[in-house]
Amino acid sequence: MSEVGGQIRHFLDLEDAGADDIAAMIADAIDRKDARAGRPKGAPDADAPLAGRVLALVFEKSSTRTRVSFDIAMRQLGGSVLLLDSASSQLGRGESIADTARVLSRMVDGIMLRTDDHAKIEEMARHATVPVINGLTDRSHPCQIVADLLTVIEHGKALPGLEVAWFGDGNNVLHSILEAAGLFMFNVRVATPAGYEPDPTFVALARAGGAQVTLTQDARAAARGADLLVTDTWISMGQADAAEKRAAMTPYRVDAALMAEAKPDALFLHCLPAHIGDEVSEEVFESPRSVVFDEAENRIHAQKSVLLWSFGLLGS
Ligand code: CP
Ligand code: NVA
């Protein structure tokens, strides 16, 4: 089953699942992670709930974590993946998203797409008759944020009322954090240079859900008393690596002085890949408060839940 109530369960953004189902995903991820502790990473979970299912991983941009974690997640759930990228598939020669969606839907059970324009994944979902999962677009990165929420909860923090501080570029990862803030009622202080603020749609979404969102150019003020400090690359995939952008971003580097403004037990998160010395200092990245490798590992555990939800085996 990959339809619930006649609806295919696409996961293009967090709101497709909603707060209750994301909470169920996180709970299931914790249970499955505990249950398989110490087993070889490619060994299937005892129930192998996706036995026989194949997921197509379609990449129009580079990836390490998303690619490996979806592959290992499917193996652990008893299924398998196949990999397509634009350079070696007909997508790169101009075959339409609509036709690709219709062909893949006849051949595989689900599709993960990493692409640039969010409209492309919406087009894929419109034409696919199997679930489509967003593996990152220029607009959002929901799978990353399920893993981030799992990581924060594992480190003993409750989401409601959490003070989350973001530094640097108002990008796709921040957009999904803002979406999560509205669903789980945590607050976000967004410190960016002028002109690099997040899309106002996501700020409005968070506020509509009851989250407090502060937009500031003052990194210190954003860090003061925060529970989580989060950043990401200053130059996302597909963006121009402009000297003026780097210069504008420099005051937003997460370093020891910024961490010192936060709560004593504050955590540092970064979706990776990191650029040490740009958005984060080596001292913070390598410190005990940095949970970036837990966050990376949790991509597997979180994605297993996203997959089970998409296939109608988890959630309401
Ligand atoms: N965080 C993340 O999505 O990493 P990759 O680009 O390596 O997949
Ligand atoms: N904002 C980054 C995230 C990489 C996982 C990018 O889009 O390149």
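Coordinates for the structure precede this section.
Heads up: these notes are all about the structure in this document. (Residues numbered from 1 in each chain as written. Chains lettered and ligands numbered in written order. Predicted model: local features only at pLDDT ≥ 70, side-chain atom pairs only at ≥ 80, totals over all residues. Heavy atoms only, no water.)

**A closer look at the overall build of the protein chain**
Stage number 1. When helices and strands are counted, the protein chain shows 12 helices and 11 strands.
Stage number 2. For a compact globule of 316 residues, the expected C-alpha radius of gyration is about 20 Å, and the protein chain comes in at 19 Å, within 12% of that figure.
Stage number 3. Taking the principal axes of the C-alpha coordinates as reference, the protein chain spans close to 55 × 45 × 35 Å.
Stage number 4. Buried positions account for 54% of the 316 residues belonging to the protein chain.
Stage number 5. For the protein chain, the proportion of contacts with a sequence separation of at least 24, taken over those separated by at least 6, is 74%.
Stage number 6. Counting every atom, the protein chain has about 12700 Å² of accessible surface; 52% of that belongs to carbon and sulfur.
Stage number 7. On the protein chain, the mean spot of the 30 positive side-chain charges and the mean spot of the 45 negative ones are 3 Å from each other. (Helix = DSSP H or I, 4+ residues; strand = E, 2+ residues; numbered from the N terminus. Rg over C-alpha atoms; globule rule 2.2 N^0.38 Å. Buried < 20%, exposed > 50% of the residue type's maximum accessible area, 1.4 Å probe, protein only. Contact = heavy atoms within 4.5 Å. Areas by Shrake-Rupley, 256 points an atom, 1.4 Å probe, with all protein chains shown as cover. Lys, Arg positive; Asp, Glu negative; His and termini not counted. Charge placed at Lys NZ, Arg CZ, Asp CG, Glu CD.)

**As for the packing of aromatic side chains**
Stage number 1. In the structure shown here, the tally under the stated rule is two aromatic pairs.
Stage number 2. Judged by centre distance (5.9 Å) and plane angle (65°), the ring pair of F11 and W309 falls under edge-to-face. Within this pair, whereas F11 is found in the loop between strand 2 (7-8) and helix 1 (18-35), its partner W309 is found in helix 12 (residues 292-310), the two being separated by 298 residues in sequence. Comparing F11 with W309 shows no difference in burial state: the two are buried.
Stage number 3. Seen in terms of ring centroids, F285 and F293 are 5.8 Å apart; in terms of plane orientation they differ by 85°. Their pairing is edge-to-face.
Stage number 4. Classification of F285 by relative accessible area gives buried; the value is 9%. (Phe/Tyr/Trp six-rings, centres within 6.5 Å; stacked < 30°, edge-to-face > 60°.)

**Re the sheet that holds strand 6 (residues 132-134)**
Stage number 1. Strand order in the open sheet formed by four strands is 4-3-5-6, and the pairing between neighbours is parallel. The open sheet terminates on both sides in strands that have one partner only, identified here as strand 4 (80-85) and strand 6. On average, adjacent strands in this sheet sit at an angle of 20° to one another, irrespective of strand direction.
Stage number 2. Relative to strand 5 (residues 110-114), strand 3 (residues 54-59) runs parallel, the two being bridged by five bridges. When the sheet's bridge partners are listed, L57 is paired in strand 5 with M112.
Stage number 3. Strand contacts of helix 3 (residues 97-107): strand 3, strand 4 and strand 5, with the helix running at about 140° to strand 5, the strand carrying the most contacts.
Stage number 4. Across the sheet, helix 4 (residues 118-127) lies against strand 5 and strand 6, angled at about 165° from strand 6, the strand it touches most. (Pairing = 2+ DSSP bridges. Axes fitted to C-alpha atoms, helices over the stretch in contact; angles between N-to-C directions.)

**Comments concerning helix 12**
Stage number 1. Here helix 12 contains 19 residues, and its C-alpha end-to-end distance of 26 Å stays within 8% of the 27 Å for a straight helix at 1.5 Å per residue.
Stage number 2. Helix geometry: helix 12 is bent most strongly at N298, by close to 35°.
Stage number 3. Where burial is concerned, most of helix 12 is hidden: 15 out of the 19 residues are buried.
Stage number 4. Downstream of helix 12 by a residue or two, G312 has a phi angle that is positive, lying close to 75°. (Expected span 1.5 Å × (residues − 1). Bend = angle between axes of the 7 residues up to and from the residue.)

**Remarks on the packing of helix 5 (residues 142-154) against helix 12**
Helix-helix packing is characterised by the crossing angle of the two axes and by the distance between the axes.
Stage number 1. Two elements in contact, helix 5 and helix 12, have axes whose closest approach is 8 Å; the angle formed by their N-to-C orientations is 115°. The orientation of helix 5 with respect to helix 12, classified from their angle, is roughly perpendicular. Every pair of crossing elements has a handedness; the one defined by helix 5 and helix 12 is right-handed. Of the residues in helix 12, those in contact with C143, Q144, V146, A147, D148, L150, T151 and E154 of helix 5 are D294, E295, N298, R299, H301, A302, Q303 and V306.
Stage number 2. Grouping the amino acids of the contact of helix 5 with helix 12 by side-chain chemistry returns six nonpolar, five polar and five charged. (Parallel < 35°, antiparallel > 145°, perpendicular 65-115°, else oblique. Left-handed = near helix turned anticlockwise from the far one by under 90°. Nonpolar A, V, L, I, M, F, W, Y, C, P; charged D, E, K, R; others polar.)

**Here we look at the site of ligand 2**
Stage number 1. Around ligand 2 sit L136, N171, N172, D232, T233, S236, M237, C271 and L272, and that is every residue in its neighbourhood.
Stage number 2. One of the side-chain N or O atoms of S236 is found 2.7 Å from a nitrogen atom in ligand 2.
Stage number 3. The protein chains hide 94% of the 270 Å² of surface that ligand 2 would expose on its own.
Stage number 4. Considering only residue class, the shell around ligand 2 consists of four nonpolar, four polar and one charged. (Near = heavy atom within 4 Å. Polar contact = N/O pair within 3.5 Å; in protein donor to acceptor, adjacent residues only side chain to side chain.)

**Overview of helix 5**
Stage number 1. Under the 1.5 Å per step criterion, the end-to-end length of helix 5 is 19 Å for 13 residues, consistent within 8% with the ideal 18 Å.
Stage number 2. Extensive coverage of helix 5 is indicated by the burial of 11 of its 13 residues.
Stage number 3. Taken as a whole, helix 5 has its buried residues at P142, C143, Q144, I145, V146, A147, D148, L149, L150, T151 and V152.
Stage number 4. Immediately beyond the C-terminal end of helix 5, within one or two residues, lies G156, with a positive phi of roughly 85°.

**Observations regarding unusual backbone geometry**
Stage number 1. Here the amide bond leading from L272 into P273 is cis, since omega sits at 5°, within 30 degrees of zero.
Stage number 2. Its place among the elements puts P273 in the loop between strand 11 (267-270) and helix 11 (282-285).
Stage number 3. Of note in this structure, A48 is not a glycine but carries a positive phi near 35°.
Stage number 4. Mapped onto the fold, A48 is located in the loop between helix 1 and strand 3.

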